[in-house]
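Remarks on the overall topology
The lines below spell out each chain.
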Amino acid sequence: EPEVTQTPSHQVTQMGQEVILRCVPISNHLYFYWYRQILGQKVEFLVSFYNNEISEKSEIFDDQFSVERPDGSNFTLKIRSTKLEDSAMYFCASSPDLPSSGANVLTFGAGSRLTVL
Amino acid sequence: AQRVTQPEKLLSVFKGAPVELKCNYSYSGSPELFWYVQYSRQRLQLLLRHISRESIKGFTADLNKGETSFHLKKPFAQEEDSAMYYCALRRDDKIIFGKGTRLHILP
């Protein structure tokens, strides 16, 4: 069964450093998402991406965050200058079709745990 | 505001007993609702969705528009049901999640 793959599984970084989290979505999926989960809290939407551009982003997704699909397979989340409160599990997800089509079933990756010291 | 509420953080149920995980939502329009599950050390995965009207692993969930609820039920709990369960709602291009309920099945 196809999977969404995320790397690294765990990254420890110093506050202020840049971090790039990588995701390989399922190959025939068209919509891509990043979510995050701070320890003990709910899974929060960050951003959705379709047709090589952001389709929606949340309030959390400020100027410190960016996403891109550099080579047609990888989907990356970059945090330019990490803060302590960015420590969380970051989940990538992909979906095969338009959300309104009824086929909007998200397939999640295993997550990347980011620890900011 | 459109949101999903799961009132219980933790639910402990004896093996063989019925399970009901509560979910309430607020949404203007026709909601599209899901239950996602995360077993220990596994990734978040779809359990079921209301438009499919299916039973997965013995779980069912009925959309009650009058009560704005989408409770997840199973008549007889099994130990392998222990997991984190998230009720979710599709809003535009994204899925939004409730805070989750940890289901602990007692032997």
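First, a word on what this report is: a plain description of the structure on this page. Not measured: the values here are computed from a predicted model.

Across its full length, chain A carries 0 helices and 11 strands. Secondary structure of chain A in N-to-C order comes out as β-β-β-β-β-β-β-β-β-β-β. The C-alpha atoms of chain A give 14 Å as radius of gyration, which agrees with the globular expectation for 117 residues (13 Å, within 12%). Overall, chain A is about 40 × 30 × 30 Å in size when its C-alpha atoms are taken along their principal axes. The buried share of chain A, reckoned over its 117 residues, is 47%. Of all intrachain contacts in chain A linking residues separated by at least 6 positions in sequence, the fraction that spans at least 24 positions is 54%. With an accessible surface of roughly 5700 Å², chain A has 46% of that area assigned to carbon and sulfur atoms.

Once that is clear, we can look at the interface of chain B and chain A. Facing the 19 residues of chain B at the interface are 23 residues of chain A. Contact between chain B and chain A buries roughly 1800 Å² in total, counting both sides, with carbon and sulfur atoms accounting for 53%. There are 2 salt bridges connecting chain B and chain A. For E56 of chain A, the salt bridge goes to K94 of chain B, with nearest N and O atoms at 2.1 Å.

Applying the stated criterion across every chain, the model contains 16 aromatic pairs over all chains. Judged by centre distance (5.5 Å) and plane angle (40°), the ring pair of F32 of chain A and F75 of chain A falls under tilted. Of this pair, F32 of chain A sits in strand 4 (residues 31-37) while F75 of chain A sits in strand 8 (residues 75-79), placing them 43 residues apart in sequence. For the residue pair F32 of chain A and F75 of chain A, the accessibility class agrees, reading buried in each case. An aromatic cluster is built from Y33, Y35, F45, F91 and F108 of chain A together with F34, Y36, Y86 and F97 of chain B, whose rings are joined through pairwise contacts. Directly above the ring of F45 of chain A sits K94 of chain B, whose terminal nitrogen or CZ lies 5.3 Å from the centroid.

Moving on: the side chain of T82 of chain A. Residues and elements named next belong to chain A. When you line up the elements, T82 lands in the loop between strand 8 and strand 9 (88-95). Of the residues examined, T82 reaches a relative accessible area of 1% and is grouped as buried. Residues within four places of T82 in sequence aside, it is in contact with T13, Q14, M15, G16, Q17, V19, L114 and V116.

Attention shifts here to unusual backbone geometry. Residues and elements named next belong to chain A. Put simply, T7 and P8 share a cis peptide bond, and its omega is -10°. Take P8: it is sitting in the loop between strand 1 (5-7) and strand 2 (10-13). Of note, the phi angle at N52 is positive, near 65°, even though the residue is not glycine. As for its position among the elements, N52 is in the loop between strand 5 (43-50) and strand 6 (53-57). Here N52 falls in the exposed class, since its relative accessible area comes to 57%.

Our focus in this paragraph is the sheet that holds strand 1 of chain A. Residue and element names in this part refer to chain A. Reading across from one edge, 1-3-8-7 is the order of the 4 strands in this open sheet, with antiparallel pairing throughout. The outermost strands of the open sheet, each flanked by one partner alone, are strand 1 and strand 7 (65-68). Neighbour to neighbour, the strand axes of the sheet diverge by 15° on average, direction disregarded.

With that settled, consider the sheet that holds strand 3 (residues 19-21) of chain B. Residues and elements named next belong to chain B. A sheet is described by the order of its strands in space; here 3 strands give the open sequence 3-8-7, paired in antiparallel fashion. At either end of the open sheet lies a strand with only one pairing partner, and these are strand 3 and strand 7 (60-61). Examined bridge by bridge, strand 3 and strand 8 (residues 72-74) share 3 bridges and lie antiparallel to one another. Bridge pairing in strand 8 places L21 opposite L72.

Turning our attention to the pairing of strand 5 of chain A. Residues and elements named next belong to chain A. Of all 8 residues in strand 5, 7 are buried, a share of seventy percent or more. Where strand 4 meets strand 5, 7 bridges bridge the pair, whose relative direction is antiparallel. Looking at strand 5, one finds that Y33 is bridged to S48. Two successive antiparallel strands, strand 4 and strand 5, enclose a turn made up of 5 residues, where G40 displays a positive phi of approximately 85°. Bridge count between strand 5 and strand 6: 4 bridges; the pairing is antiparallel. Considered in strand 6, the bridge of Y50 is made with E53.

Thresholds, definitions, all that
Residues numbered from 1 in each chain as written. Chains lettered and ligands numbered in written order. Predicted model: local features only at pLDDT ≥ 70, side-chain atom pairs only at ≥ 80, totals over all residues. Heavy atoms only, no water. Helix = DSSP H or I, 4+ residues; strand = E, 2+ residues; numbered from the N terminus. Rg over C-alpha atoms; globule rule 2.2 N^0.38 Å. Buried < 20%, exposed > 50% of the residue type's maximum accessible area, 1.4 Å probe, protein only. Contact = heavy atoms within 4.5 Å. Areas by Shrake-Rupley, 256 points an atom, 1.4 Å probe, with all protein chains shown as cover. Buried area = accessible area lost by both parts, 1.4 Å probe. Salt bridge = Lys/Arg side-chain N within 4 Å of Asp/Glu carboxyl O. Phe/Tyr/Trp six-rings, centres within 6.5 Å; stacked < 30°, edge-to-face > 60°. Lys NZ or Arg CZ within 6 Å of the ring centre and 35° of its normal. Pairing = 2+ DSSP bridges. Axes fitted to C-alpha atoms, helices over the stretch in contact; angles between N-to-C directions.

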